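# Descriptive analysis of the structure
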Amino acid sequence: MRIGIIGAGVAGLTTAKVLKQAGHDVVVFDKAPDVGGVWGVTRRYPGVSTQSPKTQYSLSDFPMPKDYPEWPSGPQVQAYFASYADHFGLPPHLRLNTAVTRARPVEGGWSLEVRDTDGTRDTVGVDRLVVANGVFCEPAVPDYPGLDEFTEAGGRLVAATDFHDAEEARDRHVLVVGYGKSACDVAVAISGTAASTDVIARQLLWKVPRRIGGLLNFKMLLLTRMGEALFRYLRPSGFERFLHGPGNGLRRRMLNSVGAVSVRQYRLKKLGLVPEGRMEDIVKGAIGLGTEGFFEGVEAGTITVHRDRTVTRLLTVSGRPHARLDDGTLLAADTVVCATGFRQEVPFLDEEIQQQLLDERGNFMLYRQIMPLDAPGLYFNGYNSSFFSPLNAEMAAVWIAADLAGLVPLPDPRTRRQRVVDQIAFMDGATDGHHCRNTKIIPFSLHNADEVLDDLGLNIGRRVRAGHWLNPVDPAAYRRVTPALIERLGQPSNDPDPQLPAAEPLLPSN
């Protein structure tokens, strides 16, 4: 089939690669000039780096370069995805600088209206459509009162993803709104050049050090199956039932001890930055890897955090841009950088299709985070944001390829709908509603991968999974999943070998 893919980030690229190997003709559209999505040159902010170490952020069959640091920078990650695309022969299938303005179903497929950056318009027909535009695509910037007055005085309001160079902050008073990783990254990056750096944190979030106690890599605790099992899942396995039953006290002590170490290591009591609640609540906000140098900057006075505060108005004082906080504080604010999250939107789909995709609260109703319940011929990938986003996207691509071949044993429509409803209800409670309209599966990344692969009888071996209980999950353990599916489809395998070591056989197919 001819498959259209919207988005050339990690989800779009791995979908294109897997479907191409499965024998389909793919075309990938992205309005950006390069591949990589949030890592692209038009999206990345100063100081951006991965949250997960490079091994855990790699795709299964294409490891990151050995000379990369453990937490690669934004430009390095973009270069990695560009190399991935080249390695698997994707450039001829990429239409960059091209936005999909409308996608509508037609008999036998989909009609896509596209527009290049030079204004050229085109209509493209495809048999099936994969939406991989990314859940971190459209920044959500608050609509502050007084913006016109503020900008007329020379003030600038900008999303973090549109703020690309720390030099833009030189000698300016900068407010960074937010307390997630992107806010802290930006604050550190500009604190050496800005006249002042104020972070406005509506709610403090727990931060995990890269090396807990200065020694233990956080991946040994939270990027393992044991780390995931510390959070109750909708369908717990045997040992998980113990952890959340008789072993619940031990489980809580294990998890909250990380919080106690973080408080000591970051000197949060001295700084007045201890979050409310317990470390266990980390899943109810943004999972926060501590930015190197952030708390050191707060202690040194180069970064000021205004905790439990919001910006209520932008204004001018004596002709200079300022911002007023909800406690009445006035701050000089030549630039306001908003690291305030994203909107999960699909504006290119007609309203009728969108109504079929969403529940009454605007949550995406996607079976396995992939398949809409009522929109045939349409798939989603990347709507499973996780600790292992590249791996989850890759396994979703395998599921899509299998479904295109009729190899996914789908439950009946009523059962699929009920499972989606149950999943959303569960995530509402588990994350206090912070699941980005049902597009974030944190912290249940590996449960999602297991369910997707168990559908196909292509899960990795039990012995390897058992090893991942105490050791960080290595996506390379999944590198034989795609070739196993391709073999089942009867397609020749002629991909270049990235020279990865051998792995335990997959489970027998269903």
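Scroll up to find the structure this text is about.
Bear in mind the structure is a predicted one, so any value in this text is a computation, not a measurement. (Residues numbered from 1 in each chain as written. Predicted model: local features only at pLDDT ≥ 70, side-chain atom pairs only at ≥ 80, totals over all residues. Heavy atoms only, no water.)

### Details of helix α13 (residues 413-431)
When the terminal C-alpha atoms of α13 are compared, their 27 Å separation across 19 residues agrees well with the 27 Å that a helix rising 1.5 Å per residue should span. Those residues of α13 that fall on the buried side of the exposure criterion are Arg 416, Val 420, Gln 423, Ile 424, Phe 426, Met 427, Ala 430 and Thr 431. Projection of α13 onto a plane perpendicular to its axis shows the buried side chains occupying an angular sector of 165°, all on one side. Exposed residues on α13 whose side chains face more than 90 degrees from its buried face are Arg 414 and Gly 429. On its buried face, α13 is in contact with β22 (366-367) and β23 (371-372). For α13, the N-terminal capping position is held by Asp 412, with its side-chain oxygen 3.1 Å away from the main-chain nitrogen of Arg 414. (Helix = DSSP H or I, 4+ residues; strand = E, 2+ residues; numbered from the N terminus. Expected span 1.5 Å × (residues − 1). Buried < 20%, exposed > 50% of the residue type's maximum accessible area, 1.4 Å probe, protein only. Arc of directions from axis to C-beta. Contact = heavy atoms within 4.5 Å. Polar contact = N/O pair within 3.5 Å; in protein donor to acceptor, adjacent residues only side chain to side chain.)

### Description of the sheet that holds strand β1 (residues 2-6)
Here five strands make up an open sheet; going across it, the order is β3-β2-β1-β7-β24 and the pairing parallel. Two strands close off the open sheet at either side, each with one partner strand: β3 (94-95) and β24 (378-380). Against the sheet, helix α12 (residues 389-404) makes contact with β1, β7 (128-131) and β24, and its axis sits at roughly 165° relative to β24, the strand it touches most. (Pairing = 2+ DSSP bridges. Axes fitted to C-alpha atoms, helices over the stretch in contact; angles between N-to-C directions.)

### Brief notes about the side chain of Ser 386
By secondary structure assignment, the location of Ser 386 is in the loop between β24 and α12. A polar side-chain atom of Ser 386 sits 2.6 Å from a polar atom in the side chain of Asn 392. Apart from the residues within four sequence positions on either side, Ser 386 is in contact with Asn 392, Ile 441, Ile 442 and Ser 445.

### Here's the deal with the packing of aromatic side chains
Tallying each qualifying case throughout the model produces 20 aromatic pairs. The residue whose ring lies beneath Lys 17 is Phe 88, and the NZ or CZ to ring-centre distance is 4.8 Å. A cation sits over an aromatic face here: Lys 207 above Tyr 179, 4.9 Å from the ring centre. (Phe/Tyr/Trp six-rings, centres within 6.5 Å; stacked < 30°, edge-to-face > 60°. Lys NZ or Arg CZ within 6 Å of the ring centre and 35° of its normal.)

### Things to note about the pattern of salt bridges
Across all of its chains, the model carries 25 salt bridges by this definition. The partner of Glu 113 in a salt bridge is Arg 102, with the nearest N and O atoms 3.9 Å apart. In this pair, Glu 113 sits in strand β5 (residues 109-116) while Arg 102 sits in strand β4 (residues 98-106), placing the two residues 11 residues apart along the sequence. Overall, Glu 113 belongs to the partly exposed group, its relative accessible area being 28%. Across the pair Arg 267 and Glu 299 runs a salt bridge, and its minimum N-O distance is 3.1 Å. Within this pair, whereas Arg 267 is found in the loop between α8 (248-266) and α9 (268-271), its partner Glu 299 is found in helix α10 (residues 294-300), the two being separated by 32 residues in sequence. You can call Arg 267 partly exposed: its relative accessible area is 40%. On the basis of relative accessible area, Glu 299 is assigned to the partly exposed category, the value being 37%. Salt bridges sharing partners connect three or more residues here, namely Arg 235, Arg 368, Glu 451 and Asp 455. (Salt bridge = Lys/Arg side-chain N within 4 Å of Asp/Glu carboxyl O.)

### Considering the environment of Phe 136
Looking at the secondary structure, you find Phe 136 in the loop between β7 and β8 (138-139). Accessibility expressed as a relative area gives 34% for Phe 136, which makes it partly exposed. Counting along the chain gives 331 residues from Phe 136 to Gly 467, while the straight-line C-alpha distance between them is 32 Å. When near neighbours in sequence (up to four residues on either side) are disregarded, Phe 136 contacts Val 38, Arg 43, Phe 342 and Ser 385.

So far we have only geometry, and geometry alone does not tell us how the molecule works.
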